[in-house]
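# Summary of the model geometry
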Amino acid sequence: MKSKRCAQVSQNCVACGCCVKVCPMQAISIWHGVAAQVNLEQCVGCGKCEKECPAGAIVLMERENAQ
Amino acid sequence: MKQKKHWYDFLWIVTPIYLGLGFFNIMFAWLGMIFFSVPLVIAIFGGGKLYCNRYCDRGQFLSLLGTKLKLSRNRPTPRWMVSPIFRYGFLIFFFAMFFQMLFTTYLVGAGAQSLKEFVTLFWTFRLPWHWAYHGTALPTWMAQFAFGFYSLMLTSTLIGILVMLIFKPRSWCVFCPMGTMTQLISKIKVGKMKKNETQARYSCECSCNKTP
Ligand code: SF4
Ligand code: SF4
Ligand code: SF4
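In short, a report on the structure. (Residues numbered from 1 in each chain as written. Chains lettered and ligands numbered in written order. Predicted model: local features only at pLDDT ≥ 70, side-chain atom pairs only at ≥ 80, totals over all residues. Heavy atoms only, no water.)

### Observations concerning the overall build of chain B
- For chain B, the count of helices and strands is nine helices and two strands.
- Starting at the N terminus and walking to the C terminus, you meet the elements of chain B as α-α-α-α-α-α-β-β-α-α-α.
- Here the C-alpha atoms of chain B give a radius of gyration of 21 Å, more than 25% beyond the 17 Å that 2.2 N^0.38 yields for 212 residues.
- Structurally, chain B occupies a C-alpha span of about 75 × 50 × 35 Å along its principal axes.
- By sequence separation, contacts in chain B at least 24 residues apart represent 77% of the contacts at least 6 residues apart.
- Taking the 23 positively charged and 5 negatively charged side chains of chain B as two groups, their mean positions are separated by 11 Å. (Helix = DSSP H or I, 4+ residues; strand = E, 2+ residues; numbered from the N terminus. Rg over C-alpha atoms; globule rule 2.2 N^0.38 Å. Contact = heavy atoms within 4.5 Å. Lys, Arg positive; Asp, Glu negative; His and termini not counted. Charge placed at Lys NZ, Arg CZ, Asp CG, Glu CD.)

Here it is as structure tokens:
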């Protein structure tokens, strides 16, 4: 069953890749060195990336509101 | 799921080795040019921020101190520090300092100034570093560059450690000039890529109405 929440990346992302390293589902990748990208299919909404992000660029949101 | 360790996960060791070597012989500071050129070359050739994401010793070193050794307070990085104004402002400031350092090197090389045998911390405080320079057969401008470059590397590492202690382990990466520059290069490259794609879509000259 899919989690209710999932990670969303904002414009503040500096593409440092810290979130990639902590994601237990390997759901994040860095898109062309520009920003992080979350694979919503893989994300389980654990929030580890949100805690790690130095730029405060990740928020957990309700899956139905996620783009 | 624990991720497998690779050889590049141990590159953090380069930071203390580099700073340590400069302590004994300032000419080792020249090795730092690798940290300047490799990320840019990777980004220019389309590798994005692979250097930050995989190979950066400083990023790993800060993670080690902040996360593994739990030295970071782990508080959110202030919003102003994340703002583009601060990030690009710091990049410009850093460049200005870098070019000032190059100018001093030029003056020493041209004989207009004598060699300044000290390391400057935070662009202000002079650390006498005489014993790191024993005089070499190399030209004095090379030594001057080494002192200037080492000052820059040491200062930026200390700023990184300071923000690591106060905020998140990798808060430095938010405004690190190399990180900002490589992201900027990547953004420009993606912009160009999109432009080329759009142009290709409209350049099909036959009347088939298909996108090439
Ligand atoms: S940790 Fe934050 S700033 Fe770094 S890549 Fe992930 S979302 Fe972007
Ligand atoms: S919320 Fe958890 S699973 Fe989802 S991207 Fe972040 S770290 Fe990965
Ligand atoms: S932002 Fe700077 S310190 Fe951080 S990983 Fe990239 S090059 Fe290294």
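Having put the structure on the table, let's press on.
### Some words on the overall build of chain A
- Along chain A, the regular secondary structure elements total two helices and four strands.
- Taking 11 Å as the expected radius of gyration for a compact globule of 67 residues, we find that chain A reaches 11 Å, a close match to that expectation.
- Here the C-alpha coordinates of chain A stretch approximately 30 × 20 × 20 Å along the principal axes.
- Here chain A holds 67 residues, and 48% of them are scored as buried.
- In chain A, once contacts between residues fewer than 6 apart in sequence are set aside, the share between residues at least 24 apart is 59%.
- Here chain A displays about 3,700 Å² of accessible surface, and carbon together with sulfur accounts for 50% of that area.
- Counting 7 positive and 5 negative side-chain charges, chain A places the averaged centre of each group 5 Å from the other. (Buried < 20%, exposed > 50% of the residue type's maximum accessible area, 1.4 Å probe, protein only. Areas by Shrake-Rupley, 256 points an atom, 1.4 Å probe, with all protein chains shown as cover.)

### Comments concerning the nonpolar core
- In this structure, Ile26(B), Phe149(B), Tyr150(B), Trp172(B) and Phe175(B) are the most contacted members of the largest nonpolar core, which totals 68 residues.
- Looking at this core, the element that brings in the most residues is helix H7 (residues 140–166) of chain B, giving 13 residues. (Core = buried A, V, L, I, M, F, W, Y, C linked by side-chain atoms within 4.5 Å.)

### With respect to the interface of chain B and chain A
- The partner chain A presents 23 residues to the 22 residues of chain B that form the contact.
- Together chain B and chain A conceal approximately 1,800 Å² of surface at their shared face, both sides included; 53% is due to carbon and sulfur atoms.
- Linking chain B to chain A there are zero salt bridges.
- Applying the counting rule to chain B against chain A returns eight residue pairs in polar contact (both at pLDDT 80 or more).
- Secondary structure elements with two or more residues in the side of chain B that touches chain A: helix H3 (50–55), helix H8 (172–175) and helix H9 (177–202) of chain B. (Buried area = accessible area lost by both parts, 1.4 Å probe. Salt bridge = Lys/Arg side-chain N within 4 Å of Asp/Glu carboxyl O. Polar contact = N/O pair within 3.5 Å; in protein donor to acceptor, adjacent residues only side chain to side chain.)

### Thoughts on the pairing of strand E2 (residues 28–31) of chain A
Residue and element names in this part refer to chain A.
- With four bridges joining them, E2 and strand E3 (residues 35–38) adopt antiparallel strand pairing. Among the inter-strand pairings, Trp31 is bridged to a residue of E3, identified as Ala35.
- Hairpin connection of E2 to E3: three residues between the antiparallel strands, including His32 at a positive phi of 50 degrees. (Pairing = 2+ DSSP bridges.)

### Observations concerning helix H4 (residues 57–68) of chain B
All names here are of chain B.
- Most of H4 is tucked away: nine of the 12 residues are buried.
- All of the buried residues in H4 are Asp57, Arg58, Gly59, Gln60, Phe61, Leu62, Ser63, Leu65 and Gly66.
- A positive phi of about 55 degrees marks Lys70, the residue just after H4.

### Some details on the site of ligand 3
Residue and element names in this part refer to chain B.
- Near ligand 3 you find Cys52, Cys56, Arg170, Trp172, Cys173, Cys176, Met178 and Gly179, and these make up its full shell.
- Breaking the shell around ligand 3 down by element, the ones donating at least two residues are H8 and H9.
- Split into classes, the residues belonging to the shell around ligand 3 amount to six nonpolar, one polar and one charged. (Near = heavy atom within 4 Å. Nonpolar A, V, L, I, M, F, W, Y, C, P; charged D, E, K, R; others polar.)

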